[in-house]
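Residues per chain, in single letters:
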Amino acid sequence: MNKIFSSLGKGIIYICTLPITLAILAIYSFIGIIMFFVVGIKGLILFFSGRNIFGDLPEDIEAKRRLNAIKMEHQAVETPASPTVVEIVNPEPKIEIDHNPYITTPVPEITPIENHLNDLIDYEEPKAIESSPDIEPPLLDDIEGIDKINDVSFLDDVPAIEEESNKDQFTENNDVNNEILEEPEEIKEEIIGTYKPLGTFNDDEYKDNGGTN
Amino acid sequence: MNPLIFIKLTESDKRVIIAILLLVILLIALAWLIGSIIIKVMKWQGKRLDTLTYDVVKLHVITDKKHYISYARKKNWRLFFLQSWKPLLIILLAILLLIIRNAITKDWSYNIWDYNVTGFNTLFFIFDFEHIGLYCKTFFGINLLAEWPKLISSPHWSAEAWCSYIFVPLITIGGIWYLVSVQCVIARTIRMYKRADSIYSKSLEGYNQADAISNDLDKTKYL
């Protein structure tokens, strides 16, 4: 019931405000027609100048740019790194030519406290300074006095040392070696005479022993 | 006024009172219905402006009230153009049709509301409201309609009224459509100013500087 009365009350308010509403509507209808022609003519001019009145305003373009940037950031965060086959190509070593003839090492910026701690804890032997590839070592022939080093005439005064034979005695004196290795005939006979090969069976001997062995 | 006057009312008077009351209630209900529809349309169109300006506000492209109003106004009238060109085209076509018809027949006195031969009213019941005094009755000093006026025209098809049969529906549809578009532009304009106030307002209501400073100091404790 309250709802019905509320609706009827609203209806009465609407009827009361109807003249004002109609007046506003009439004013805006008139303004609307003017604006329709203004926008239409402006659009027509822009159309013939190669632009579109219903295109994006500068604010829209800026908003789209920002939105795309945000989307790209989200995609970068959410998308896991997919396993991809990467062709590893060894690039040619990049040689940077240092025109400075002096070999310099960069001096790290270290605060006094860090320097002290490094001395106490992380002390390391100083590494050898690598030579830069552009500085080539001098050839031996170019060194002054190298010919004096090659002069070995003073060695003629030293008595010659006989070279020791590297021949193997076993390979050179075969006869002697054979003699040493071969056993005497007497010992041979003793060994053979007592030899009984496994698995041989002598019937006579078996009978002599009374059939037991 | 003596309340006993109602006791003296005749049966006919009571019927008239009830009929008038019902008519008033019906009118109010109709006004409420139309008003509700208009308010719903206005809310819907207001939300449309929010949609149009959402990105630039959320992404901080527009950071002040004046810029927002300027931008929203441009968007609003562009949308109005897109919404209203169709109804205006319909109205224009209807007017052109009437002008062409009049130019061809050379009849510039053509009455589109005639109920006898040439007008659109040939399709409706027409009562003799011109002589309404004949059908009224005085009720508490007020002239009220006591019976329906005489019927002077019943619906009939007239070939000569073909132009009005096209013109009147077209102009009615176009007109209502255009008025709805205008109503939409009003709704968006109202929403535009409301949003400009709410988005870029710097209200100090409920703000206490001393409390704010102490809160800031409390926060710095934990840093």
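A quick note: this is a predicted structure, and the numbers were derived from the prediction, not measured.

Chemist: Hey, could you run me through the overall build of chain A in this one?
Modeler: If you tally the helices and strands in chain A, you get eight helices and zero strands. From first element to last, N terminus to C terminus, chain A shows the α and β order α-α-α-α-α-α-α-α. Within the span of chain A, comprising 213 residues, buried residues form 8% of the whole.

Chemist: Is there a simple way to think about the packing of helix α1 (residues 2–48) of chain A against helix α3 (residues 162–199) of chain B in this case?
Modeler: What describes two packed helices is the angle between their axes and the distance between those same axes. Running from N to C, α1(A) and α3(B) cross one another at 95°; their axes reach a closest spacing of 9 Å. For the element pair α1(A) / α3(B), the angle class is roughly perpendicular. Where α1(A) abuts α3(B), its residues A:Ile24, A:Leu25, A:Tyr28, A:Ser29, A:Gly32 and A:Ile33 lie against B:Tyr178, B:Leu179, B:Val182, B:Gln183, B:Val185, B:Ile186 and B:Thr189. Grouping the amino acids of the contact of α1(A) with α3(B) by side-chain chemistry returns nine nonpolar, four polar and no charged.

Chemist: Can you walk me through helix α1 (residues 11–58) of chain B in this structure?
Modeler: An α-helical segment advances 3.6 residues per turn. Residues three or four places apart therefore align on the same side. With 48 residues, α1(B) extends 68 Å from end C-alpha to end C-alpha; this agrees with the ideal 70 Å at 1.5 Å per step. Helix geometry: α1(B) is bent most strongly at B:Leu52, by close to 40°. Taken together, the buried positions of α1(B) are B:Asp13, B:Ile28, B:Ala31, B:Gly35, B:Gln45, B:Gly46, B:Leu49, B:Asp50, B:Thr53, B:Val56 and B:Val57. Looking at the packing, one finds that the buried side of α1(B) touches α1 and α2 (58–78) of chain A together with α2 (65–105), β2 (136–139) and α3 of chain B. B:His60 lies just past α1(B) and shows a positive phi near 60°.

Chemist: What exactly am I supposed to notice about the environment of B:Arg195 here?
Modeler: Residues and elements named next belong to chain B. Inspection of the secondary structure assignment puts Arg195 in helix α3. C-alpha of Arg195 to C-alpha of Lys65: the two residues are 130 residues apart in sequence and 9.1 Å apart in space. Once residues lying within four places of it in the same chain are set aside, the contact partners of Arg195 are Asp50, Tyr68 and Tyr200.

Chemist: In this structure, what is going on with the interface of chain A and chain B? I would like to understand it.
Modeler: Contacts between the two partners involve 29 residues from chain A and, on the opposite side, 34 residues from chain B. Overall, the association of chain A and chain B removes approximately 2700 Å² of surface from exposure, summing both partners, and the carbon and sulfur fraction of that is 79%. Broken down residue by residue, the surface that chain A buries against chain B is led by A:Tyr28, A:Phe36 and A:Glu59, which jointly contribute 22%. For the interface between chain A and chain B, the tally reads one salt bridge. B:Lys75 is the salt-bridge partner of A:Asp60, the closest N and O atoms lying 3.0 Å from each other. Remark: the boundary between chain A and chain B carries nine residue pairs in polar contact (both at pLDDT 80 or more). Of all the secondary-structure elements, those providing two or more residues to the side of chain A that touches chain B are α1 and α2 of chain A. The leading source of residues in the side of chain A that touches chain B is α1(A), at 18 residues. Of the residues belonging to the side of chain A that touches chain B, the class tally is 18 nonpolar, six polar and five charged.

Reading the values: rules and limits
- Note on numbering: residues in each chain are counted from 1, in written sequence order.
- The naming scheme follows written order: chains are lettered A onward, ligands numbered 1 onward.
- Reporting of local features is limited, given that this is a predicted model, to residues whose pLDDT is at least 70; pairs of side-chain atoms are given and counted only at 80 or more, and all residues count toward the totals for whole chains, interfaces and linings.
- Here the side-chain values reflect all heavy atoms present in the structure, with hydrogen atoms and water set aside.
- Under the scheme used here, helices are H or I runs from DSSP no shorter than 4 residues and strands are E runs no shorter than 2 residues, and both carry numbers assigned from the N terminus.
- Type-normalised accessible area, obtained with a 1.4 Å probe on protein chains alone, sets the label of each residue: buried when under 20%, exposed when over 50%, and partly exposed for intermediate values.
- An axis is simply a line fitted to the C-alpha atoms; with a helix, the fit covers only the stretch in contact. Between two such axes, the angle follows the N-to-C directions and lies from 0 to 180 degrees.
- Roughly parallel means an angle under 35 degrees; roughly antiparallel means over 145; roughly perpendicular covers 65 to 115; every other angle is labelled oblique.
- Residue contacts are defined here by distance: any two heavy atoms, one from each residue, within 4.5 Å place the two residues in contact.
- The residue classification treats Ala, Val, Leu, Ile, Met, Phe, Trp, Tyr, Cys and Pro as nonpolar and Asp, Glu, Lys and Arg as charged. All others, Gly included, are polar.
- Multiplying one less than the number of residues by 1.5 Å gives the expected span of a helix.
- In this analysis the local bend is the angle between axes fitted, respectively, to the seven residues ending at and the seven residues starting at the residue.
- What gets called buried area is simply the loss in accessible area from a 1.4 Å probe that two parts show on being joined, summed for both.
- Each reported salt bridge corresponds to a side-chain nitrogen of Lys or Arg within 4 Å of a carboxyl oxygen of Asp or Glu.
- Polar contacts, as used here, are pairs of N or O atoms within 3.5 Å; protein pairs need one atom able to donate a hydrogen and one able to accept it. Residues neighboring in sequence count only if both atoms are side-chain atoms.

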